[in-house]
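So you can see what is in the structure, the chains are spelled out below.
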Amino acid sequence: MRIKNFLFQSFAQVFFPVFLVLFFIASVVIFIRIAGVTFIVKISFLELLTLYFYTLPTMLFFVIPLSFFVACVLGLSHLSFDYELPVLFALGMPPQQIFKIFLPIALLASVSLFVLSFVLTPLSDIAYRQFLEERKSSIDINLQAGEFGQKLGEWLVYVQRGKNDVYENIVLLSLQKGEGSQKDGLIFAKRVSIENIDGVIAVHLKEGKIYRKVSDGMESVNFDRMVLRSVVDFTGDGNMGLMEYWKRAFYENPRQDKTKRNLSMYVLLSLFPLISLFYFPLLGVKNPRYQKNYTILQTMGVVGTFFVLMYLVTTYVPLIGMVLLPFIWCCVGYVLYKRYVARFY
């Protein structure tokens with residue numbers, strides 16, 4: 001029991017700092033993603049937090065397995081280079097004892113990841129889409145004067161001055177190919193007002209000029225008044241149930257391939273703590289007299305290898321790969337453990 005508590009303490013000392021650092025980095029990435037949503041659409045601070053909390057299950061799903069793997073390996077490595085693990089081995093503790101100690105928390109981590117990935121993540125994704133769809137029906141346009149790269153439907157927009165959805169000296173550019181003057185062209189207007197009616201954005205332009213490409217060159221058209229309308233796309237996933245969410249992986253639909261990839265990725269990453277048990281002593285158990293401390297580089301290499309294999313599997317053979325990869329990964333870890341750790345301790 002004392003050895004178990006001793007190893008748990010070493011694990012916890014590494015896990016929580018690593019988890020907090022990765023959680024902070026993931027939060028920054030999430031806020032950048034949300035900023036893409038709020039670039040055109042105005043939302044309140046409370047709605048910003050709502051979107052952030054909707055992404056928490058996905059964020060935790062990626063942070064927990066990485067933190068767990070790193071904490072297990074670095075915790076053992078720290079004990080090895082402090083000569084504490086060699087002393088335990090010299091007193092008769094076999095390396096197999098490490099598996100018995102870490103198996104319950106690895107199992108708990110995998111079960112938690114399965115709940116996050118197959119229940120909470122889909123529910124939060126559905127709620128996220130439903131929230132955006134509700135906001136799209138009452139979009140408050142948020143064009144900033146003097147800023148480049150803003151989008152309004154299919155148009156890139158630049159405005160010189162503006163306030164309260166009324167703007168002066170606006171430029172709209174669309175590079176979409178198709179028939180008609182509103183598919184591919186450049187529009188200048190002196191005065192513009194924008195309104196949203198049930199998700200349909202109407203842009204009222206006054207005193208402007210259109211430049212569009214024709215078969216024999218460029219065409220210029222002057223206008224006193226013109227209205228551009230753009231319908232906001234709706235995903236249609238807002239009212240989808242949990243079972244229907246995953247059933248899309250097994251019948252033909254526009255999101256079948258993506259759902260297959262997500263299903264495979266969620267299974268593989270949920271099993272990662274459990275199927276990596278042999279890698280903990282393989283990377284963490286060292287002889288400090290004869291081996292140098294390259295544990296961090298080795299950990300990055302192993303984690304990177306798994307993520308590369310997971311990407312290949314989920315892209316090309318998602319359903320078969322989510323069964324084969326855990327078996328192969330576990331077998332390779334066992335062979336390496338027997339060769340480089342078990343025969344020496």
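Everything quoted here is computed from the prediction, not taken from an experiment.

### Considerations on the overall build of the protein
Point 1. In terms of regular secondary structure, the protein is built from 9 helices and 6 strands.
Point 2. Counting all 345 residues of the protein, 43% fall into the buried class.
Point 3. When contacts within the protein are restricted to residue pairs at least 6 apart in sequence, long-range pairs at least 24 apart make up 64% of them.
Point 4. When the accessible surface of the protein is split by element, carbon and sulfur atoms take 63% of a total near 19100 Å².

### What about the pattern of salt bridges?
Point 1. Applying the stated rule across the entire model yields 1 salt bridge.
Point 2. Here Arg-212 makes a salt bridge to Glu-219, at a shortest N to O gap of 2.5 Å.

### Section: the nonpolar core
Point 1. In terms of nonpolar packing, the biggest core is built from 71 residues, with Phe-11, Phe-68, Phe-69, Leu-85, Phe-102, Phe-280 and Phe-306 touching the most fellow members.
Point 2. Take this core: its biggest share by element is 15 residues, from helix H2 (residues 45-81).
Point 3. Apart from residues lying up to four places away in sequence, Phe-69 is in contact with Phe-272, Ser-276, Tyr-279, Phe-280, Leu-283, Thr-299, Val-302 and Val-303.
Point 4. Core analysis: the next-biggest nonpolar cluster, separate from the first, contains 17 residues, Tyr-167, Val-192, Val-203 and Met-226 among them.

### With respect to the packing of aromatic side chains
Point 1. Per the stated rule, a full pass over the model turns up 28 aromatic pairs.
Point 2. Judged by centre distance (5.8 Å) and plane angle (20°), the ring pair of Phe-114 and Phe-118 falls under stacked. Of this pair, Phe-114 and Phe-118 both sit in helix H4 (residues 96-136), 4 residues apart, which is roughly one turn of the helix.
Point 3. Ring plane angle 80° and centroid distance 6.4 Å describe the contact between Phe-118 and Tyr-266, whose orientation is recorded as edge-to-face. Of this pair, Phe-118 sits in helix H4 while Tyr-266 sits in helix H6 (residues 256-275), and the two are 148 residues apart along the sequence.
Point 4. The side chain of Arg-33 reaches across the aromatic face of Tyr-128, ending 5.0 Å from its centre.
Point 5. The residue whose ring lies beneath Arg-248 is Tyr-245, and the NZ or CZ to ring-centre distance is 4.7 Å.

### Observations regarding the confidence of the model for the protein
For any part of a model where pLDDT is low, the fine detail of the predicted coordinates should not be relied upon.
Point 1. Across the protein, pLDDT averages 83, with 85% of residues at or above 70.
Point 2. Within the protein, strand E1 (residues 150-152) has the poorest average pLDDT of any element, 69, and helix H8 (residues 295-316) the best, 94.

### Remarks on H2
Point 1. A maximum bend of about 40° is found in H2 at Leu-56, where proline Pro-57 lies one to four positions downstream.
Point 2. Remark: Tyr-83 follows H2 within two positions and exhibits a positive phi of approximately 65°.

### Details of H6
Point 1. Look at H6: 27 Å from first C-alpha to last across 20 residues, which is about the 28 Å you get at 1.5 Å a residue.
Point 2. Of all 20 residues that make up H6, 15 are buried, and the element is covered over most of its length.

So, how was this worked out
- Residues numbered from 1 in each chain as written.
- Predicted model: local features only at pLDDT ≥ 70, side-chain atom pairs only at ≥ 80, totals over all residues.
- Heavy atoms only, no water.
- Helix = DSSP H or I, 4+ residues; strand = E, 2+ residues; numbered from the N terminus.
- Buried < 20%, exposed > 50% of the residue type's maximum accessible area, 1.4 Å probe, protein only.
- Contact = heavy atoms within 4.5 Å.
- Areas by Shrake-Rupley, 256 points an atom, 1.4 Å probe, with all protein chains shown as cover.
- Salt bridge = Lys/Arg side-chain N within 4 Å of Asp/Glu carboxyl O.
- Core = buried A, V, L, I, M, F, W, Y, C linked by side-chain atoms within 4.5 Å.
- Phe/Tyr/Trp six-rings, centres within 6.5 Å; stacked < 30°, edge-to-face > 60°.
- Lys NZ or Arg CZ within 6 Å of the ring centre and 35° of its normal.
- pLDDT = per-residue confidence, 0-100.
- Bend = angle between axes of the 7 residues up to and from the residue.
- Expected span 1.5 Å × (residues − 1).

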